[in-house]
Amino acid sequence: MLKRHLLLASILAGTFAVTACSQQTEDNTEAAVESAGDDAAANADAAAAETQETAAEAEVAAQNAGTEIAEGAETAGADATDALANTGEAVVVGANEAVANTAEVVADGASAVENKASENAVEAEQQY
């Protein structure tokens, strides 16, 4: 009987020990789950804040890019206007030179005609 009581006491002691360990394990598991939930919430908040910050930076970058494109277009427009003005000026200078050269050739031709006419008049006088 003593063995039986000892055996029964051992079984009861083991059951109480397992039950106590189970309760402690359950408490630890519950604490770990809460901690993991808190960590996940903190990480989600940090990720949301970082996402908002990144979105703000992207917006600023887009605005800067738009400004640079506008400034580049303005510069290109000014350069095109200057080039057009230079082209017009070159055309005017070229036309003026062509007119001056033509006038010079016409004057030379008129002078040659006048000289020839004078020579012809002299020859005609000499013949009569």
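This write-up is about the structure you can find in this document. (Residues numbered from 1 in each chain as written. Predicted model: local features only at pLDDT ≥ 70, side-chain atom pairs only at ≥ 80, totals over all residues. Heavy atoms only, no water.)

Attention shifts here to the overall build of the protein chain. A count of helical and extended segments in the protein chain gives one helix and zero strands. Carbon and sulfur atoms make up 61% of the accessible area of the protein chain, which totals about 10600 Å². (Helix = DSSP H or I, 4+ residues; strand = E, 2+ residues; numbered from the N terminus. Areas by Shrake-Rupley, 256 points an atom, 1.4 Å probe, with all protein chains shown as cover.)

Here we come to a negative patch on the surface. A cluster of acidic residues, Asp-27, Glu-30, Glu-34, Asp-38 and Asp-39, forms a negative patch on the protein surface. Mapping Asp-38 onto the fold places it in helix H1 (residues 2–127). Classification of Asp-38 by relative accessible area gives exposed; the value is 53%. (Patch = residues over 30% accessible without salt bridge, like charges linked within 9 Å, V, L, I, M, F, W, Y side chains within 5 Å. Salt bridge = Lys/Arg side-chain N within 4 Å of Asp/Glu carboxyl O. Lys, Arg positive; Asp, Glu negative; His and termini not counted. Charge placed at Lys NZ, Arg CZ, Asp CG, Glu CD. Buried < 20%, exposed > 50% of the residue type's maximum accessible area, 1.4 Å probe, protein only.)

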